[in-house]
Amino acid sequence: MNREARTREFYVLAIFFALFVVFLYGPLSAIVILSFQGPNGGLTFPLNGVSLHWFGNLFEKQAVGDFGGSFRRSMTLGIMVMAVTVLVSLLAGLAFRRRFLGATPLFYLAVASLVVPSIIISLGIGVLFQQLGLDPAWYSSAFGAHLTWTLPFGVLIMLAVFNRFSPAYEEAARDLGASSWQTFAHVVLPMIAPSLIGVGLFGFTLSYDEFARTLMTAGTFNTLPLEIYGMTTNVTTPVLYALGTVTTVFSLAVIGGALGAIAMLNRSRARG
Amino acid sequence: MTAIVSERADAQAQGKAALRLSPAVVSWLQATPLALILGAFLALPILMITVVSFWDYDFAQMHPAFVATNYLETLGSWVTWRTYFNTLKYAAIVWAITLFVGFWVAYFLAFHVRTSTMQMVLFLVCTVPFLTSNIIRMISWIPVLGRNGLVNGTLIEAGLISTPIEWLLYSDFAVVLAMVHLYTLFMVTPIFNTLMRIDRALIEAARDAGATGAQILTNVVIPLAKPGMAIGTIFVVTLVMADFSTVQVMSGGQSASVALMMKNQMSLLQYPAAAANAVVLLVLVLLMVAGILRIVDIRKEL
């Protein structure tokens, strides 16, 4: 198939794909460009001069609420969610390699976690905390709410990884006298490390950007997406775009870092 | 030397065997954190919502009770029915578009891109926006579609229209467009996954047997891609059914969805009413998912 000439189907689909990519990235690039709007510019094109005015504006507290604080909270929450997602998904992935009583209900509970509308989870946790007399906060109720979204992704990824994982490697390690911990630490873990980074990336970015589940569960202090959501209704200057550009660049840096780490691990494994 | 080592290992293994837990217990221990978290933050809250949906409330707080008024008020009002109909309409339109776009994008990646490196790169190009903020991606349509936005500006400049098109932003069109923008990736990924697993020999065989390109597509590729389409459908349908932010921002408050109705009830502190709505929505969504799961076994597709 490889040396065949390109068919007309190829060119039609290639154009379709290119349009899809433009559709995906086009609007995003519009707000990146507009965030460099001059001090007197508005929310739409054309650019009225080029400046960093709106980025500077981000750091003045009164202009956009509490940008710094909400960023710190989202960041901390993202890291907490990432750590728990990686650990719990890995353990669950290992558990599901064997049959055990309750495996099927637990699996469907994880799938349910994926399909239950996020606002219902938000409402449920909010009301639950209220009835228990607990104050909702980003590090307790919102933390749990985010986990119901990141864990099913993590668990499904780990299930897919272990479905393709040959037990022969572990048997070989055991035959060579490795203990089960040694087998896990020196054989299994290095082989699944790239997937774990992927799970971590999902955990962090899904939490960092999540807001439907945070809506009723964040308590007194907003996370960054809630702050941005609030801004959509009452901010009418390009400072909104500047914030969008900054968080998007941050997300891209996180994704780039994770992909780089995965590539490095794969390369060192191919070499060794 | 090797004999000594293996003897020592044997001794160690025997020593540990006494302490070793049975595999079932190990699995349980490993599954416990997941079960606890989902139990506390998924099962318990849903139980709580179900209970609260039968409670009574006034302007300030809710009282434990067992009344059906919340359901009667929800299901008895024709605003609710219109809102449900509107939400299902969004789900159907967005589903059809994302399935079409998602299938062809995945098909191009799986069958027309020749090297696996290029496949990976293009796949990542499609996936990266999914990992950035939904709200930012939604807002980014405003300078494009707005009254003085890029599209209107270009069309006026080109002399095709004289006054800006008003329905581009803050309309059903904008809602559907933004949803397609946000959710198509959920269709691309599972379909791409199933297409990559199709044995290429099947396609060669079909071609050798004299099938045309269109016949291969309809008789071989599409039937084999159905599980991926089903999983993508679960994602897109549940996401659209749960959506309130896209509807709120992109329709400019002119359209409603079930989740948006719930959110408004919540901001008025009418939690029992929102809870009744939540139960109805949840039952509807779970029925839809159960219907789709009859076609596909998720565990086999992982």
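What you see as residue numbers is a count from 1 along each chain, following the sequence as written. As a convention, the first chain written is A and the first ligand written is 1, with the rest following in written order. Local features are withheld for residues below a pLDDT of 70 in this predicted model, meaning they are given only at 70 or higher, and side-chain atom pairs are given and counted only at 80 or more; totals for whole chains, interfaces and linings count all residues.

We count a stretch as a helix when DSSP gives it H or I for four or more residues in a row; a strand needs E for two or more, and each element gets its number in order from the N terminus. Scanning chain B from N- to C-terminus turns up 15 helices and two strands. Scaling as 2.2 N^0.38, a compact globule of 302 residues should have a C-alpha radius of gyration of about 19 Å, whereas chain B reaches 26 Å, well beyond that. For chain B, the spread of C-alpha atoms along the principal axes amounts to about 90 × 65 × 35 Å. Here the C-beta atoms are placed from the backbone, and a residue counts as buried if at least 20 other C-beta atoms lie within 10 Å of its own, exposed if 12 or fewer do, and partly exposed otherwise. Here chain B, with 302 residues, has 41% of them falling under the buried criterion. Any two residues are considered in contact once their C-beta atoms, placed from the backbone, lie within 7 Å. Looking at chain B alone, contacts between residues at least 24 apart form 70% of all its contacts between residues at least 6 apart. Radius of gyration: C-alpha atoms only; globule rule: 2.2 Å multiplied by the number of residues to the exponent 0.38.

The next point concerns the overall build of chain A. Regarding its fold elements, chain A presents 10 helices and zero strands. Helices (α) and strands (β) of chain A occur, in sequence order from the N terminus, as α-α-α-α-α-α-α-α-α-α. Referenced to the eigenvectors of the C-alpha coordinate spread, the extents of chain A come out at roughly 75 × 70 × 35 Å. Every one of the 272 residues in chain A was classed for burial, and the buried ones make up 42%.

Now for the interface of chain A and chain B. Tallying the contact residues gives 72 residues for chain A and 75 residues for chain B. Only α1 (8-34), α3 (67-95), α4 (103-115), α5 (118-132), α6 (141-163), α8 (180-209), α9 (224-234) and α10 (239-271) of chain A provide two or more residues apiece to the side of chain A that touches chain B. Of all the elements, α1(A) adds the most residues to the side of chain A that touches chain B, at 15 residues. Residue classes follow a fixed rule: Ala, Val, Leu, Ile, Met, Phe, Trp, Tyr, Cys and Pro count as nonpolar, while Asp, Glu, Lys and Arg count as charged, and any other residue, Gly among them, counts as polar. For the side of chain A that touches chain B, the residue count by class is 53 nonpolar, 16 polar and three charged.

Once that is clear, we can look at α4(A). Expected helix span is given by 1.5 Å per residue-to-residue step, counting one fewer step than there are residues. Between the first and last C-alpha of α4(A) there are 19 Å, a value that for 13 residues agrees with the 18 Å anticipated at 1.5 Å per step. Listing the buried residues of α4(A) in full gives A:Leu106, A:Phe107, A:Ala110, A:Ala112, A:Ser113 and A:Val115.

To continue, consider the nonpolar core. Of all hydrophobic cores here, the largest spans 146 residues; its most connected members are A:Leu123, B:Ile49, B:Val240 and B:Ala278. Of the residues forming this core, the biggest block, 14 residues, is contributed by helix α9 (residues 172-196) of chain B. Buried Ala, Val, Leu, Ile, Met, Phe, Trp, Tyr and Cys residues whose C-beta atoms connect them within 7 Å together make up a nonpolar core.

Our next topic: the packing of α5(A) against α6(A). Residue and element names in this part refer to chain A. Following both chains from N to C, one finds α5 and α6 inclined at 150°, their axes separated by 10 Å at the closest point. Here α5 is positioned roughly antiparallel relative to α6, judged by the angle of their axes. At the point where α5 passes α6, the crossing takes the right-handed sense. Where α5 abuts α6, its residues Ser 118, Ile 121, Ser 122, Ile 125 and Phe 129 lie against Ser 141, Gly 144, Ala 145, Thr 148 and Trp 149. A class-by-class count of the residues in the contact of α5 with α6 yields five nonpolar, five polar and no charged. To get an axis, fit a line to the C-alpha atoms, keeping to the stretch in contact for a helix; angles then go from 0 to 180 degrees between the N-to-C directions. An angle below 35 degrees is read as roughly parallel, one above 145 as roughly antiparallel, one from 65 to 115 as roughly perpendicular, and any other as oblique. Crossings are assigned a handedness: left-handed for a near helix turned anticlockwise from the far helix by less than a right angle, right-handed for a clockwise turn.

With that out of the way, let us pick up α5(A). Given a rise of 1.5 Å per residue, 15 residues ought to cover 21 Å, and the 21 Å separating the end C-alpha atoms of α5(A) matches this to within 8%. In terms of burial, α5(A) is a largely internal element, 12 of the 15 residues being buried. Burial in α5(A) covers these residues: A:Ser118, A:Ile119, A:Ile120, A:Ile121, A:Ser122, A:Leu123, A:Gly124, A:Ile125, A:Gly126, A:Val127, A:Leu128 and A:Phe129. Check the buried side of α5(A) and you find it contacts α6 of chain A together with α2 (23-52), α13 (258-267) and α14 (271-293) of chain B. A:Gly133 sits one or two residues past α5(A) and shows a positive phi near 75°.

We now examine the environment of A:Val81. All names here are of chain A. Tracing the backbone shows Val 81 in helix α3. Measuring from C-alpha to C-alpha, the distance between Val 81 and Met 264 comes to 24 Å, with 183 residues separating the pair along the chain. With residues up to four places along the chain from it excluded, the contact list for Val 81 reads Phe 143, His 146, Leu 147, Thr 150, Gly 203, Phe 204 and Ser 207.

The subject of this paragraph is the environment of A:Leu109. Positionally, A:Leu109 belongs in helix α4. In this structure the C-alpha to C-alpha distance between A:Leu109 and A:Val161, which are 52 residues apart in sequence, comes to 20 Å. If sequence neighbours within four positions are ignored, A:Leu109 has contacts with B:Leu38, B:Leu42 and B:Ala43.

What follows covers the packing of α3(A) against α8(A). Residues and elements named next belong to chain A. Running from amino to carboxyl end, α3 crosses α8 at an angle of 140°, the nearest separation of the two axes being 8 Å. α8 is crossed by α3, and the crossing has right-handed handedness. Touching Ser 74, Leu 77, Gly 78, Ile 79, Val 81, Met 82, Thr 85, Val 86, Ser 89 and Leu 90 of α3 are Leu 196, Val 199, Gly 200, Gly 203, Phe 204, Ser 207 and Tyr 208, all from α8. A class-by-class count of the residues in the contact of α3 with α8 yields 10 nonpolar, seven polar and no charged.

This part takes up unusual backbone geometry. Most peptide bonds adopt trans geometry, and most residues besides glycine take a negative phi value. Residues and elements named next belong to chain B. A positive phi angle is found at Tyr 170, which is not glycine, with a value near 60°. Within the element layout of this structure, Tyr 170 appears in the loop between α8 (150-157) and α9. A positive phi angle, near 60°, is found at Leu 269, a position not held by glycine. When you line up the elements, Leu 269 lands in the loop between α13 and α14.

It is worth spelling out the environment of A:Gly198 at this point. In this structure, A:Gly198 sits in helix α8. The sequence separation of A:Gly198 and A:Met264 amounts to 66 residues, and the corresponding C-alpha distance is 13 Å.

Glancing now at the confidence of the model for chain B. All names here are of chain B. For chain B, per-residue confidence averages 86 on the pLDDT scale, and residues scoring 70 or more make up 93% of the total. When mean pLDDT is taken per element in chain B, helix α4 (residues 78-112) scores highest with 94 and helix α1 (residues 2-17) scores lowest with 48. Each residue carries a pLDDT score, the predictor's own confidence in it, on a scale running from 0 to 100. Note that residues 1-7 has pLDDT below 50 and, in this model, two contacts with residues that lie over four places away or in other chains. Confidence drops under a pLDDT of 50 for residues 11-18, and excluding neighbours within four residues, the segment shows zero contacts in the predicted structure.

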